[in-house]
Amino acid sequence: MSFYLAIIGTKDNAVYDLEFGTYRQGGDGKPKFSADMKQLCPFIVHSSLDIVEEMQWNTNVMHLKVIDKFYNYLISSYMTAGNIKFLLLHETRADDVIRQFFVDLYDLYVKTLMSPFYSVDQPITSAVFDQRVKMLAKKYL
Amino acid sequence: MARTPRQVGEEVWKTRVEKVNAELVTLTYGSVVAQLCKDFGNDYIQVNEQLDKMGYNIGIRLIEDFLARTNTSRCRTFKDTAEIISKVGFKIFLNITPTVGNWSQDNKQFSLIFDENPLADFVELPDDGKAVNELWYSNILCGVLRGALEMVQTQVEAQFINDVLRGHETTEMRVTLIRILEDEMPVGDD
């Protein structure tokens, strides 16, 4: 079971992305997208951006759950207070777990924002952030 | 009743200090450093110097506040100075107590080892390869010490030698006594 996580900034710019596989049921954490899917992941995720922006006005919570489908892949989304979009491409429904993952990811994102040298919409290149996101993925997904 | 510096520090902190939100201080200091870096075009050596100058200006005024709040008597040795700085000074202004260590043979140099630094919470130095080798993020503290001690007739040099933001194990500031200043007559005053 593989996942593709993308963090999109306020100007629809890419801030961070990560491919990973599930650690549950003996998974080793490596994504198993086919070569075609690998190339398509960013496209699929970005094409659901319009839907995110539409859906955000329908609810007053941050977790937008599943907003789009692509063949057998689902896209879940979480919108932060600062209009940053977290998008996750996944195969099976797991609303609660994904919500917890997004909430912890938001916590990590806020900590990154606290650094004076990081401005909003800047791509996140820190290895520490990367490592922590992977740990979160291991914990929840 | 002579009390240890640690007790003086705790007591003054509890009773005579107005508290301000720590995150406000962290974020304000952070934006000062970030803006300096932008203004000097990432010339981190210059930024270090500017932080030191700013600290110096703070220190020469801060010492009055410190003496007014704590009523400490004159220190007899440089060792006393170090203890007062770490247990009282840092305690009442930043609520931290760095450890004093690594005294040199002639007792004219010591290190302040910070196991927490509220100015640098959540900070990550920029990834451009230069910052992590050139910028001392908390350099304002060196200026503050230099300025404050100069007002009490003690000329010192203070600089950071280790910083966790740079990947070292600890954050450590080396303070060196240059000389005790004697009051001098102004030039041409006869």
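Residues numbered from 1 in each chain as written. Chains lettered and ligands numbered in written order. Predicted model: local features only at pLDDT ≥ 70, side-chain atom pairs only at ≥ 80, totals over all residues. Heavy atoms only, no water.

Taking an unreviewed UniProt entry as the reference, chain B is identified by name as Trafficking protein particle complex subunit BET3 belonging to Lipomyces starkeyi NRRL Y-11557.

In the nomenclature of an unreviewed UniProt entry, chain A corresponds to Trafficking protein particle complex subunit from the organism Lipomyces starkeyi NRRL Y-11557.

**A short note on the overall build of chain B**
Quick reminder of the rule: Strands are runs of DSSP state E lasting at least 2 residues, helices are runs of H or I lasting at least 4, and numbering of each runs from the N terminus. Every radius of gyration here is taken over C-alpha atoms, with the globule rule written as 2.2 Å times N^0.38, N being the number of residues. We call a residue buried when its accessible area falls under 20% of the maximum for its residue type, exposed when it is over 50%, and partly exposed in between, using a 1.4 Å probe and counting protein chains only. The contact criterion used throughout is that any non-hydrogen atoms of two residues lie within 4.5 Å. Positive charges are assigned to Lys and Arg, negative charges to Asp and Glu, while His and the chain termini are left out of the count. By convention, the point assigned to a charge is CZ for Arg, NZ for Lys, CD for Glu and CG for Asp.
Counting its secondary structure elements, chain B contains 6 helices and 4 strands. Starting at the N terminus and walking to the C terminus, you meet the elements of chain B as α-α-α-α-β-β-α-α-β-β. For 190 residues, the compact-globule estimate of 2.2 N^0.38 gives 16 Å, and chain B sits close to it at 17 Å. Over its C-alpha atoms, taken along the principal directions, chain B stretches across nearly 50 × 45 × 35 Å. Evaluated residue by residue, chain B yields a buried proportion of 42% over its 190 residues. Within chain B, counting contacts between residues at least 6 apart in sequence, those at least 24 apart form 61% of the total. Distance from the positive charge centre (20 side chains) to the negative charge centre (30 side chains) of chain B: 6 Å.

**Some words on the sheet that holds strand β5 (residues 85-90) of chain A**
All names here are of chain A. Condition: By the convention used here, strands pair only if DSSP detects at least 2 bridges between them. Axis lines are fitted to C-alpha atoms, over the contacting stretch for helices. Their N-to-C directions set the angle, which ranges from 0 to 180 degrees.
Across the sheet, 5 strands lie side by side as β2-β1-β5-β4-β3; this open sheet has antiparallel pairing. Two strands in the sheet have a free side with no partner beyond their single neighbour: β2 (14-21) and β3 (63-70). Here the average twist between neighbouring strands, direction ignored, is 20°. Here strand β1 (residues 2-8) runs beside β2; their pairing, made up of 7 bridges, is antiparallel. Note on β2: the bridge partner recorded for Tyr4 is Glu19. Strands in contact with helix α4 (residues 127-140) are β1 and β2; relative to β2, the strand with the most contacts, it is inclined by about 45°.

**Notes on the nonpolar core**
Stated formally: Note on terminology: a nonpolar core comprises buried Ala, Val, Leu, Ile, Met, Phe, Trp, Tyr and Cys residues joined through side-chain atoms within 4.5 Å.
Phe117 of chain A together with Leu112, Tyr137, Met173 and Val175 of chain B are the most contacted members of the largest nonpolar core, which totals 38 residues. Among the secondary structure elements, those contributing two or more residues to this core are α2 (22-39), α3 (44-70), α4 (78-94), β2 (109-114), α6 (140-150), β3 (154-162) and β4 (171-180) of chain B. Beyond its immediate stretch of four places on either side in the chain, Tyr137 of chain B contacts Pro116 and Phe117 of chain A together with Tyr29, Gly30, Val33, Leu51, Leu119, Ala120, Val123, Leu125, Asp163 and Leu165 of chain B. Residues Tyr78, Ile98, Phe101 and Val133 of chain A belong to the second largest nonpolar core, which totals 26 residues.

**A short note on the packing of aromatic side chains**
Rule in force here: In this analysis, rings of Phe, Tyr and Trp, with Trp reduced to its six-membered ring, are considered paired at centre separations within 6.5 Å, and the interplanar angle assigns stacked below 30 degrees, edge-to-face beyond 60, and tilted for intermediate values. For a Lys NZ or an Arg CZ to count as sitting over a ring, it must be within 6 Å of the ring centre and within 35 degrees of the ring normal.
One pass over the structure, following the stated rule, counts 19 aromatic pairs over all chains. Taking the centre distance of 6.1 Å and the plane angle of 85° together, the rings of Phe78 of chain B and Trp103 of chain B count as edge-to-face. Residue Phe78 of chain B is located in helix α4, and its partner Trp103 of chain B is located in the loop between β1 (99-101) and β2; the two are separated by 25 residues in the primary sequence. The partly exposed category is assigned to Trp103 of chain B, whose relative accessible area is 25%. A connected cluster of aromatic rings, assembled from ring pairs, spans Phe3, Phe20, Tyr78, Phe86, Phe101, Phe102, Tyr106 and Tyr109 of chain A. Cation over ring: Lys79 of chain B sits above Trp103 of chain B, and NZ or CZ is 5.0 Å from the ring centre. The ring of Trp136 of chain B carries the charged tip of Arg166 of chain B above its face, separated from the ring centre by 3.6 Å.

**Focus: the confidence of the model for chain B**
Convention followed: pLDDT measures how confident the predictor is about each residue, on a scale from 0 to 100.
Here chain B averages 91 in pLDDT, and 98% of its residues register 70 or above. Predicted complex, confidence summary: ipTM 0.82, pTM 0.86.

**What about the pattern of salt bridges?**
Residue and element names in this part refer to chain A. Basically, it comes down to this: A carboxyl oxygen of Asp or Glu within 4 Å of a side-chain nitrogen of Lys or Arg is what we treat as a salt bridge.
Under the definition given, this model contains 14 salt bridges over all chains. A salt bridge links Lys85 to Glu53; the shortest N-O distance between them is 3.7 Å. Remark: Glu53 occurs in helix α2 (residues 49-55) and Lys85 occurs in strand β5; sequence separation between them is 32 residues. Put simply, Asp130 and Lys134 hold a salt bridge, and the shortest N to O gap is 3.2 Å. Pair noted here: Asp130 and Lys134 are both in helix α4, with a separation of 4 residues, about one helical turn. Using a relative accessible area of 23% as the deciding quantity, one classes Asp130 as partly exposed. What you see here is one network of salt bridges that share partners, running through Asp12, Glu53 and Lys85.

**Overview of the sheet that holds β3 of chain B**
Residues and elements named next belong to chain B. Strand order in the open sheet formed by 4 strands is β1-β2-β4-β3, with antiparallel pairing between adjacent strands. The sheet is open, and its two borders are formed by β1 and β3, each paired with just one other strand. Going across the sheet, the axis of each strand differs from the next one's by a mean of 25°, ignoring polarity. As paired elements, β2 and β4 share 6 bridges and run antiparallel to each other. Its bridge partner lying in β4, Phe110 is registered against Val175. Strand contacts of α4: β1, β2, β3 and β4, with the helix running at about 20° to β2, the strand carrying the most contacts. Relative to the sheet, α6 contacts β2, β3 and β4, its axis offset from that of β3 by approximately 165°.

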